[in-house]
Amino acid sequence: AALGRTFDVAARVRLALEYSHTTGDRDPGDGSYGQYEYTFGGRRTDLGNVGIFGPLVPANLRAAGLRVEFRPDTRLDGRVIWKRAWLDEPRDAWVGSGVRDPAGASGRAIGRLVDGRVRYWVVPGALRAEAGGGVLLGGRFRREAPNAAAAEDSRYGYLQVTVYF
C-alpha cells in the first residue's frame, strides 16, 4: 500500500508513505507451507532500488517507510527510500538471507534500510548513467538469530552505464 503526493515544485518532488506485508509460515515444521511464494518479479521493487543488494524480499516480511522521488528535468531523476522491516512470522526464515530462528526467540526486527539512486541521461534516449547504494542497519533479529552473520550492518554501492540501441 502507498499513499503519496507529488508537489507542484520545479523538481517535481513526490513523497509517499508505503507499507508492504507478505505472509510467513507460522509453523515451518507442520508440513503445511504458509509463506507467500515470491516466484516472479523484478529485483528493483518497492522494497529497494538496488537489485543485486536486495536485503528485503517480498516473503515473510512487514515493511513500512517513506519514499522521496524527484525529477527536476527530463534528463535527471532520483529516489531515496527509508524502510523499517520486520519478519511476519518470527520462526520462519528471513527470505533471501537464509537466516532463521526456529524457536522464534530472536524477535522480528530485521532492521532499517536506506536505499537510493540517481540517474542522468548523458545522451537522451541513448546513454544513461546511474549511481546508487544502500545500507541495512541491523535490528535485533539480524543480530541475534542463531545463524546470523557476524557483521551487523550491510552496505552496497554501484555505478552503471546503460546504452540503448
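Source: prediction; values computed, not measured.

Basis of the calculations
Residues numbered from 1 in each chain as written. Predicted model: local features only at pLDDT ≥ 70, side-chain atom pairs only at ≥ 80, totals over all residues. Heavy atoms only, no water. Helix = DSSP H or I, 4+ residues; strand = E, 2+ residues; numbered from the N terminus. Buried < 20%, exposed > 50% of the residue type's maximum accessible area, 1.4 Å probe, protein only. Pairing = 2+ DSSP bridges. Axes fitted to C-alpha atoms, helices over the stretch in contact; angles between N-to-C directions. Salt bridge = Lys/Arg side-chain N within 4 Å of Asp/Glu carboxyl O. Core = buried A, V, L, I, M, F, W, Y, C linked by side-chain atoms within 4.5 Å. Contact = heavy atoms within 4.5 Å.

Trainee: Quick rundown of the overall build of the protein? Include the residues and the values.
Mentor: Along the protein, the regular secondary structure elements total 1 helix and 7 strands. The order of helices and strands in the protein, counted from the N terminus, is β-β-β-β-β-β-α-β. Projected onto the principal axes, the alpha-carbon positions of the protein cover approximately 55 × 30 × 30 Å. Burial status across the protein gives 39% buried among its 165 residues.

Trainee: Give me the lowdown on the sheet that holds strand β4 (residues 76-86), citing residues and values where you can.
Mentor: Two orientations exist for strands paired in a sheet by backbone hydrogen bonds: parallel and antiparallel. The sheet built from 7 strands is open, its strands ordered β1-β2-β3-β4-β5-β6-β7 with antiparallel pairing. Because the sheet does not close on itself, it has two edges, and the strands there are β1 (2-6) and β7 (154-163). For this sheet, the mean angle separating the axes of adjacent strands, direction not counted, is 15 degrees. Pairing geometry for strand β3 (residues 61-70) and β4, over 9 bridges, is antiparallel. If you follow F70 over to β4, its bridge partner there is G78.

Trainee: Run through the pattern of salt bridges, naming residues and quoting values.
Mentor: The full count for this structure, using the stated rule, is 7 salt bridges. For E18, the salt bridge goes to R67, with nearest N and O atoms at 2.7 Å. Of this pair, E18 sits in strand β2 (residues 14-22) while R67 is found in strand β3, placing the two residues 49 residues apart along the sequence. A salt bridge links D88 to R62; its shortest N-O distance comes to 2.8 Å.

Trainee: Just give me the short version of the nonpolar core, but keep the residues and values in it.
Mentor: Generally speaking, nonpolar side chains in soluble globular proteins are found buried as a group. In this structure, L56, L61, W94 and I110 are the most contacted members of the largest nonpolar core, which totals 16 residues. Once residues lying within four places of it in the same chain are set aside, the contact partners of L61 are S20, H21, T22, L47, L56, A85, W86, D88 and I110.

Trainee: Mind laying out the pairing of β2, listing which residues take part and the relevant values?
Mentor: In regular strands, side chains alternate between the two faces of the sheet. In this structure, β1 lies alongside β2, joined through 5 bridges in antiparallel fashion. Bridge assignment links R5 to a residue of β2, and that residue is L15. In the sheet, β2 pairs with β3 via 9 bridges, with the strands oriented antiparallel. Bridging from a neighbouring strand, A16 pairs with R67 of β3.

These results come straight from atomic positions and should not be treated as a statement about function.
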